[in-house]
Each structure stands twice: as structure tokens, then as C-alpha cells.
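Structural overview
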Amino acid sequence: MVGRCFVCKLYLLVLAIVVLSSLYSSWQLQKLPPAFLNKPLTPKAKTHLLIISTWRSGSSFLGQLFNHSPDVFYLLEPTRAVWFSMAEKSPYFLHTPVRELVRSIFRCDMQAFLPYMPKGKFISELFGWHESRALCSPKTCSSMPPSDIIDRPECNRTCRQVPFEKMEEACKAHSHVVVKEVRFLDLEALYPLLRDPHLNLKIIHLVRDPRAIVSSRESFLELEVDDAIISNAQKATPNISVVMQEICGAQQRMYQTALRDPPPLLKDRYIMVRYEDLVKDPLGHLRTWYKYIGLSMPSKLQSWIYNITHGSGPKDKGFMPFTGDSLKIAQHWRDRLEFKKVQRLQDVCKQEMAMFGYRLVENEAEQKDMSLGLVLPMKPKSRL
Ligand SMILES: *[C@@H]1O[C@H](CO)[C@@H](O)[C@H](O)[C@H]1NC(C)=O
Ligand SMILES: *[C@@H]1O[C@H](CO)[C@@H](O)[C@H](O)[C@H]1NC(C)=O
Ligand SMILES: *[C@@H]1O[C@H](CO)[C@@H](O)[C@H](O)[C@H]1NC(C)=O
């Protein structure tokens, strides 16, 4: 009968197509990530904080202020490996791989590191790993003694053989993931992260007087590769003018984007802070920021932060790049930097300096006159 009935054949064919296509689409649906099935995010979803800045701006200090919260999994400059593996590229070309690595870290997907690791065996293959409290705490490295404040040199000595897989566990065990980065030169490069339904991203943008940055760079000799990459943006041979022009331009552009024409997705997700304001009142800033990302601040942490920013308290545990009176450190450049260099730099960075309220000096006398304040008050427009 089937052989004779054309309508029946047609009917069977249509039926087969309907069944097959519904099977196919349910199979496809299973392959999709959960966000596309409109599943709400779990209430326990993490909060992510990205600290963006440039080299020698005090961002390691700022990172440490979050690193020591027991709820925070912290990494410093994880994308250094990306830059170092593609050193012939420009920083703008590298934005995408840098951002994608940061995205993976925020999602605790540490496999994303593997292409950049020589062996992929130990956490200690990663730059700066022993700066992270979470990676030095007894839960990750059983040879570490339990303590509120980690002992970094001890961690560097005893935790070198912790298997790389432990990093994912450590990340997943914390409610907050904080990453400090100096390799973003445009805010737009971060929009895909702000749109990602799996992330709850907040940004703190730290800026510093470029004269202090250059002064600090002079006593820090490890920036050759980074400077070459930055100079690739202008296809130029690296020199301090080229590098600072890119850096000042980037800080200015990022703030301008956030301030002038912020896309709705940046609302309540961006804070700008000047290093000079931060060191005047680190605890005050930190209280605001801990609220901003939903962290509580144990009193021990407050006491420790007070100590490291006032040069008081026990000077052990290798935390001491930040000791000493932070306020004085912020002014060191005025003694140290040659006026000729100051002049050249002011020329290159004057737009950025005007935007962030850093007053230019006209001559050497002004530079050395400490009664002359060079950090002008800024309108409190930094929070959107
Ligand atoms: C960490 O340990 C390695 C190997 O012992 C050493 O080369 C390096 O300088 C140490 N780093 C710090 C910051 O202590
Ligand atoms: C730095 O390089 C730029 C571009 O190559 C050049 O115009 C400038 O004169 C150089 N400046 C210094 C201080 O060498
Ligand atoms: C801060 O310093 C004081 C005075 O030296 C000390 O008693 C206190 O234990 C320190 N706090 C922390 C958390 O290290």
C-alpha cells in the first residue's frame, strides 16, 4: 500500500524530517554552554575584580590589599607570559589573547595557561605565583604553616612542587577572583568581559603621576621586553619618550572612555583612583572598595594594612617592598629625577597630567620646593 500511496510516502518523509530535526536540535542544545539555556546564574556566583594600571604605579601594593582577604584568589600579571611569547607583536594585537586568558582565570579555567607554560607541571612555573596568598596557603601547599599573613620567601622555597591542577581547586574555593594587570591599553578591550553572563566584573583603574613612574622605572631594570612591545605600537625603537607617550595616552584614553561616553555596561563597574590619593588614606579607600565588591574586612587585615603603609609592625615575611611611609614614597621623584627629564616627560604627557590633576613644574626650584603641592584636587567623578 505504501508503494502505491504518494501522499502516504510524503507523510512519512515529513514525519521523518520532523523527528530527526527535533532530535538534532535537542542534541545541539546539550552542547551549548548553560548560559544559552537561560539558566539563571547560581546565587553563589563569584565576583571578579580587575585592577588595571601600568608598570611602577603601585599596583602590586594595591593588589596586596585584596590578596590578603581570606575570600580572595589573587593573581598578579598573569598575562606576562602571553606578551613574552609574542614579543614581536603590538600591545593592541595582544589585547585579545590577554583578555581571553584573564576571562579563563576569572572562570577558574586554568587550562588556558598551558600554551604559555614550559612544562605545565607546577604552579611555580607561573610568574609571580608566590605573591598569591591562596597559592601559598596550607590548603594548596601543605608544607606552608597556617598563618593569616603569608611568608612569601618561605612559600617560594617550600611550594615549588605543587601540581598545577591545584590552582583550579584554589580558585574555585574562593568567592572572589582578583587579577592585577598592566597590559590593557584600552577600556574597550574589556567590554567582552563586562558582557559575559558568567562574570560579575568590577574594575579599579589605578593611575600615578608619570614623573613618579619614570623615576621608579630608573631603578627597576626588568622592563626591556615590555617596553619593546609597547614601542611596537609606534613601530619605534624603544626609548622612554615613546614608552611614556603610549602609557600616558592609554591612561588618559581609558578614563576618558569611562567618563565621557560610558556604555551602560560600565555603570557601577569602574572606579578610577590616583596612587597619591590612595596612599593618603589606604584604609578609607579599601573600606569603600571592599563594599564595592562585597567583601568583609577582618580587623587583623586592617591592622596589617595600617602597619605596611606606615612602616610599623614586624618587618618579616618579605612583604616589605611597601614599607616605609607611603606618602613620602609618592614624592621621591622630586629629589631624584633630573629636571631635564621632567621637562621632556611633561611635554610627552601633558594632556594626561592635566586630566588627572598633576601640576607641571616650570623649573627646578618648583620641582624641589616641597611646600608646592603638585597633586591638585580632582572632582569626585571617578565613580560612575
Ligand atoms: C624564588 O626562588 C627561586 C629559586 O630558588 C629564586 O631564583 C628566586 O629568586 C626566588 N624569588 C623570590 C622573589 O624570592
Ligand atoms: C625616541 O624615539 C623617537 C621615535 O623613534 C624619536 O623621535 C625621539 O627623538 C627619541 N627620543 C629620545 C629621547 O631618544
Ligand atoms: C601591627 O603592628 C603592631 C605594632 O608593632 C603589632 O602589635 C601588630 O600585631 C601588627 N599587626 C599585624 C596584623 O601584623
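Residues numbered from 1 in each chain as written. Chains lettered and ligands numbered in written order. Predicted model: local features only at pLDDT ≥ 70, side-chain atom pairs only at ≥ 80, totals over all residues. Heavy atoms only, no water.

1. A closer look at the environment of Thr257
As for its position among the elements, Thr257 is in helix α10 (residues 240-260). Considered as a pair, Thr257 and Leu187 are 70 residues apart in the sequence and their alpha carbons are 7.0 Å apart. When near neighbours in sequence (up to four residues on either side) are disregarded, Thr257 contacts Leu187, Glu188, Tyr191 and Pro262. (Helix = DSSP H or I, 4+ residues; strand = E, 2+ residues; numbered from the N terminus. Contact = heavy atoms within 4.5 Å.)

2. Quick word on the packing of helix α9 (residues 224-232) against α10
One way to put it is that α9 packs onto α10 with a least axis distance of 9 Å and a crossing angle of 70°. Classified by the interaxial angle, the pair formed by α9 and α10 is roughly perpendicular. Residue-level inspection shows Asp227, Ile230 and Ser231 of α9 in contact with α10, the latter providing Val242, Val243, Glu246 and Ile247. Class assignment for the residues of the contact of α9 with α10 results in four nonpolar, one polar and two charged. (Axes fitted to C-alpha atoms, helices over the stretch in contact; angles between N-to-C directions. Parallel < 35°, antiparallel > 145°, perpendicular 65-115°, else oblique. Nonpolar A, V, L, I, M, F, W, Y, C, P; charged D, E, K, R; others polar.)

3. With respect to the packing of aromatic side chains
For the structure shown, the criterion picks out five aromatic pairs. When the centroid spacing of 6.3 Å and the interplanar angle of 25° are considered together, the rings of Phe66 and Trp289 count as stacked. Of the two residues, Phe66 is situated in helix α2 (residues 59-67) and Trp289 in helix α12 (residues 282-292); the sequence distance between them amounts to 223 residues. Note on Trp289: relative accessible area 2%, which makes it buried. The residue whose ring lies beneath Arg80 is Phe127, and the NZ or CZ to ring-centre distance is 4.1 Å. The ring of Phe93 has Lys89 lying over it, and the distance from NZ or CZ to the ring centre is 4.6 Å. (Phe/Tyr/Trp six-rings, centres within 6.5 Å; stacked < 30°, edge-to-face > 60°. Buried < 20%, exposed > 50% of the residue type's maximum accessible area, 1.4 Å probe, protein only. Lys NZ or Arg CZ within 6 Å of the ring centre and 35° of its normal.)

4. Remarks on the site of ligand 1
Taken together, His130, Asn156 and Arg160 are the residues near ligand 1. Between Arg160 and ligand 1, the recorded distance is 3.1 Å, taken from a side-chain N or O atom to an oxygen atom. Coverage of ligand 1 by the protein amounts to 31% of the 360 Å² it exposes when considered alone. (Near = heavy atom within 4 Å. Polar contact = N/O pair within 3.5 Å; in protein donor to acceptor, adjacent residues only side chain to side chain. Areas by Shrake-Rupley, 256 points an atom, 1.4 Å probe, with all protein chains shown as cover.)

5. Regarding the nonpolar core
Core analysis: the biggest nonpolar cluster contains 75 residues, and Leu50, Phe73, Phe113 and Met167 have the highest contact counts within it. Sort the elements by how many residues they give to this core and α10 lands first, with seven residues. Discounting residues that sit within four places of it in the chain, Phe113 has contacts with Leu75, Pro78, Leu101, Ile105, Leu126, Phe164 and Met167. Listed in part, the 31 residues of the second largest apolar core include Leu62, Val273, Tyr275 and Ile293. (Core = buried A, V, L, I, M, F, W, Y, C linked by side-chain atoms within 4.5 Å.)

6. Notes on the sheet that holds strand β4 (residues 201-207)
Pairing in this open sheet of five strands is parallel, and the strands run β2-β3-β1-β4-β5 from one edge to the other. Every interior strand has two partners, whereas the edge strands, β2 (72-76) and β5 (270-274), have only one. Taking the axes of each pair of neighbouring strands and ignoring which way they run, one obtains an average angle of 15° across the sheet. In terms of strand pairing, strand β1 (residues 47-52) meets strand β3 (residues 176-181) through six bridges, oriented parallel. By the bridge assignment, Leu50 is partnered in β3 with Val179. On top of the sheet, α2 reaches β1, β2, β3 and β4; it is set at about 160° to β2, its chief contact. Packed on one face of the sheet, helix α4 (residues 95-106) meets β1, β2, β3 and β4 and runs near 155° to β3. (Pairing = 2+ DSSP bridges.)

7. Let's talk about the confidence of the model for the chain
Mean pLDDT for the chain: 86, with 83% of residues reaching 70 or above. Here residues 26-43 is a poorly scored stretch, pLDDT under 50, and it has six contacts once near neighbours within four places are set aside; other chains count. Per-residue pLDDT stays below 50 along residues 316-321; that stretch engages in 19 contacts with residues further than four places along the chain or on separate chains. (pLDDT = per-residue confidence, 0-100.)

8. Notes on the state of the cysteines
One pass over the full model with this rule turns up four disulfides. Sulfur-sulfur distance for the disulfide between Cys136 and Cys155 comes to 1.9 Å. Because the sign of the S-S torsion sets the handedness, a value of about -80° for the bond joining Cys136 and Cys155 places this disulfide among the left-handed ones. Pair noted here: Cys136 is in the loop between α4 and α5 (152-158) and Cys155 is in helix α5, with a separation of 19 residues, a long-range link. Cys155 shares its class with Cys136; the two are buried. Each sulfur of the disulfide joining Cys248 and Cys349 lies 2.0 Å from the other. Because the torsion about its S-S bond is 80°, the bridge between Cys248 and Cys349 counts as right-handed. Placement of the pair is Cys248 in helix α10 and Cys349 in helix α16 (residues 339-355), with a sequence separation of 101 residues. (Disulfide = S-S within 2.5 Å.)

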